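Coordinate inspection notes
Each chain is listed here by its residues.
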Amino acid sequence: MRFGVLGTGFWARVVHAATLAEHPDAELVGVWGRDLAKAKAVGAEFDVDGFDDLDALLSRVDAVAVAVPPDVQVDLAVRAAAAGKHLLLEKPIALDVAAADRLVTAVRDAGVASVVFFTFRFRSATSTWLEQASRTRLAGGHGSWLSSLAGSPFDSSPWRKEHGALWDIGPHALSVLVPALGPVVSVQAGAGLRDTVHLVLGHESGVASTVTLSHTVAPMSAGTEFFVHGDAGRLVLLPETGSAEDAFAVAVDELTAAAVSGGTHPCDVAFGRDVVAVLAAAQRALESGCRESVAL
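What this report covers is the structure whose coordinates are included nearby.

About the criteria used
Residues numbered from 1 in each chain as written. Predicted model: local features only at pLDDT ≥ 70, side-chain atom pairs only at ≥ 80, totals over all residues. Heavy atoms only, no water. Helix = DSSP H or I, 4+ residues; strand = E, 2+ residues; numbered from the N terminus. Rg over C-alpha atoms; globule rule 2.2 N^0.38 Å. Buried < 20%, exposed > 50% of the residue type's maximum accessible area, 1.4 Å probe, protein only. Contact = heavy atoms within 4.5 Å. Core = buried A, V, L, I, M, F, W, Y, C linked by side-chain atoms within 4.5 Å. Expected span 1.5 Å × (residues − 1). 1 Å grid on protein atoms, 1.4 Å probe; cavity = no way out; pocket = protein on both sides within 12 Å on 5 of 7 lines; lining within 4 Å. Points joined across faces, edges and corners; volume = space filled by probe spheres on them. Nonpolar A, V, L, I, M, F, W, Y, C, P; charged D, E, K, R; others polar. Pairing = 2+ DSSP bridges. Axes fitted to C-alpha atoms, helices over the stretch in contact; angles between N-to-C directions. Salt bridge = Lys/Arg side-chain N within 4 Å of Asp/Glu carboxyl O.

The next thing to look at is the overall build of the chain. What the chain contains, in helices and strands, is 10 helices and 13 strands. Computed over C-alpha atoms, the radius of gyration of the chain comes to 19 Å, within 12% of the 19 Å expected from 2.2 N^0.38 for 296 residues, which places it in the range of a compact globule. For the chain, the spread of C-alpha atoms along the three principal axes comes to 50 × 40 × 35 Å. Taking all 296 residues of the chain together, 54% fall into the buried category. For the chain, long-range pairs separated by at least 24 residues make up 70% of all intrachain contacts whose partners lie at least 6 apart in sequence.

Here you go:
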């Protein structure tokens, strides 16, 4: 499958483009960016062309891997879908439900395959954990992701600074808790220090889970923890191993399989849209101090 990468930032270069350039069953054709000089520079790293004309790149590929801010991603992905290109997207797919719905409609109308790169979901440890969770009656769960962006490649990311951990790493938490516990129908939220947020998620099944997220803790406090509990006790999701590039290579494989079969992927744009709906409800709950319903 011939891919174009949309984006020229750190993640686009070291994960999307680098992985596609080495993938045995994918061909990296080119890199698009709003700044042609940057697009050409990233393309030169992988011996492909750089573009600032999106249509010119789309004419040469079967699929696009999109690594741009969420509000920019929507319009680019809609244009790519309309051109019949399969989509490998970043999370969150949008920053509001209306934009996410527009993207879902575009993908459905075009009949293209879509995969959203929720990193955890493309690791074997997560697949094993979800399989174990599906075999027992669950009563709830918890997710905690505490991090510090200081000194990281994402420290200068404007959209992460504006929207915080809720919108950046919240999607990762939802990507494992929702398939384990079921769709989220309500959210309560409380703010901690800086961008720290605490969520109580009400699931359609009647159980509840809790989530704590932060990009602004002290570096020594950083860490992740996810578990569900029920009749079989506590099932802990083992810490992820391997690189993001390894997980992205799996996502490429699974997008290709969905494109060939004409089927849908568990992490397609429809699931990505539901994640956006939960995040939007959480944002409203933070602002209102009330429990908010999720727009299913």
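We are not done yet, so read on.
In this section: the nonpolar core. Membership of the largest hydrophobic core comes to 102 residues, with the highest contact counts inside it found for L20, L87, L89, L103, V187, L213 and V228. By residue number, the principal contributor to this core is helix α10 (residues 269-288), which donates 10 residues. Residues contacting L87, with those up to four places away along its chain left out, are V64, A77, A80, A81, L103, V107, A113, S114, V115 and L255.

Attention now moves to the environment of I169. Among the secondary structure elements, I169 is positioned in the loop between α7 (158-168) and α8 (170-181). When the C-alpha atoms of I169 and G4 are compared, they prove to be 25 Å apart, with 165 residues separating the residues in sequence. The contacts of I169, once residues within four sequence positions are left out, are W145, S147, L213, S214 and H215.

Here α8 contains 12 residues, and its C-alpha end-to-end distance of 16 Å stays within 8% of the 16 Å for a straight helix at 1.5 Å per residue. Most of α8 is tucked away, with 11 of its 12 residues classed as buried. Within α8, the full set of buried residues consists of G170, P171, H172, A173, L174, S175, V176, L177, V178, A180 and L181. G182, located one to two residues past α8, shows a positive phi value of around 105°.

Time to look at empty space enclosed by the protein. Think of a ball as big as a water molecule: rolled over the atoms, this probe shows where empty space is left. Evaluated as defined, the whole model comprises 1 cavity of 30 Å³ or more. By volume, the largest cavity amounts to about 30 Å³. When the residues that make up the lining of the largest cavity are grouped by side-chain class, the tally is 5 nonpolar, 1 polar and 2 charged.

Further remarks concern the environment of R13. Within the element layout of this structure, R13 appears in helix α1 (residues 10-22). Taking the relative accessible area as the measure of exposure, R13 reaches 28% and is therefore partly exposed. When the C-alpha positions of R13 and D231 are compared, they lie 45 Å apart, and in sequence the two are 218 residues distant. In contact with R13, other than residues within four places in its own chain, are A18, V42, E45 and F46.

This paragraph deals with the sheet that holds strand β6 (residues 114-116). Strands sit in the order β3-β2-β1-β4-β5-β6 across an open sheet of 6 strands; the sheet is parallel. Two strands close off the open sheet at either side, each with one partner strand: β3 (49-51) and β6. Direction aside, neighbouring strands of the sheet carry axes that sit 20° apart on average. Its contacts with the sheet put α1 on β1 (2-6), β2 (27-32) and β4 (63-66), and the angle it makes with β1 is roughly 170°. Strands in contact with helix α4 (residues 70-82) are β1, β2, β4 and β5 (86-89); relative to β5, the strand with the most contacts, it is inclined by about 160°.

All told, the structure shown has 13 salt bridges when counted by the stated rule. Here D101 makes a salt bridge to R273, at a shortest N to O gap of 2.8 Å. Of this pair, D101 sits in helix α5 (residues 97-110) while R273 sits in helix α10, and the two are 172 residues apart along the sequence. Assessed through its relative accessible area of 32%, D101 is described here as partly exposed. On the basis of relative accessibility, which here comes to 10%, the residue R273 falls in the buried class. Put simply, D155 and K161 hold a salt bridge, and the shortest N to O gap is 2.9 Å. For D155, a relative accessible area of 28% corresponds to the partly exposed category. One salt-bridge network, in which partners are shared between bridges, spans K91, R160 and D168.

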